[in-house]
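Listed below, chain by chain, are the residues.
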Amino acid sequence: QVQLVESGGGLVQVGGSLRLSCASSGSIFSTSTMGWYRQAPGKQRELVATIFIGGVTNYADSVKGRFTVSRDSAKNTVYLQMNSLKSDDTAVYYCNARRLGDGRNYWGQGTQVTVSS
């Protein structure tokens, strides 16, 4: 059974930093592109960052230069380092795994990030 468990969310002031973690179970980590999405109240879920198995990364324009995604194969964990946080970054952040081959998506339960001014 595939499980993605996020942690690290919380309340932070504008300009602050947080690091999100997503621990995965089973073999999904080694066979998937990992990513982070977010959903703010009243808005659609949007892509924040992805990291491919080989380490290539991709970011939404709104977070480039501020967020960094990384993966640790030894721990089956993907991270999202978020710096220079803005009020607009307030959202529930979801970890995603997209399995190679069939493209099946797996989601974590989400973690709340609130940036206060």
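Here, the structure is the one placed above.
Residues numbered from 1 in each chain as written. Predicted model: local features only at pLDDT ≥ 70, side-chain atom pairs only at ≥ 80, totals over all residues. Heavy atoms only, no water.

Draft legend 1. Focus on the nonpolar core. Within the largest apolar cluster, 29 residues are counted, with the highest numbers of intra-cluster contacts made by Trp 36, Val 78, Leu 80, Met 82 and Tyr 93. If you list the elements that add at least two residues to this core, you get strand E3 (18-24), strand E4 (32-39), strand E5 (46-51), strand E7 (67-72), strand E8 (77-82), strand E9 (91-99) and strand E11 (111-116). Ranked by residue count, the leading element in this core is E9, at four residues. (Core = buried A, V, L, I, M, F, W, Y, C linked by side-chain atoms within 4.5 Å. Buried < 20%, exposed > 50% of the residue type's maximum accessible area, 1.4 Å probe, protein only. Helix = DSSP H or I, 4+ residues; strand = E, 2+ residues; numbered from the N terminus.)

Draft legend 2. Structural context of the state of the cysteines. Applying the stated criterion across every chain, the model contains one disulfide. Cys 22 shares a disulfide with Cys 95; S-S distance 2.1 Å. Across the disulfide from Cys 22 to Cys 95, rotation about the S-S bond amounts to roughly -80°, and the bridge is consequently left-handed. Of the two residues, Cys 22 sits in strand E3 while Cys 95 sits in strand E9, which places them 73 residues apart along the sequence. Just as Cys 22 is buried, Cys 95 falls in that class too. (Disulfide = S-S within 2.5 Å.)

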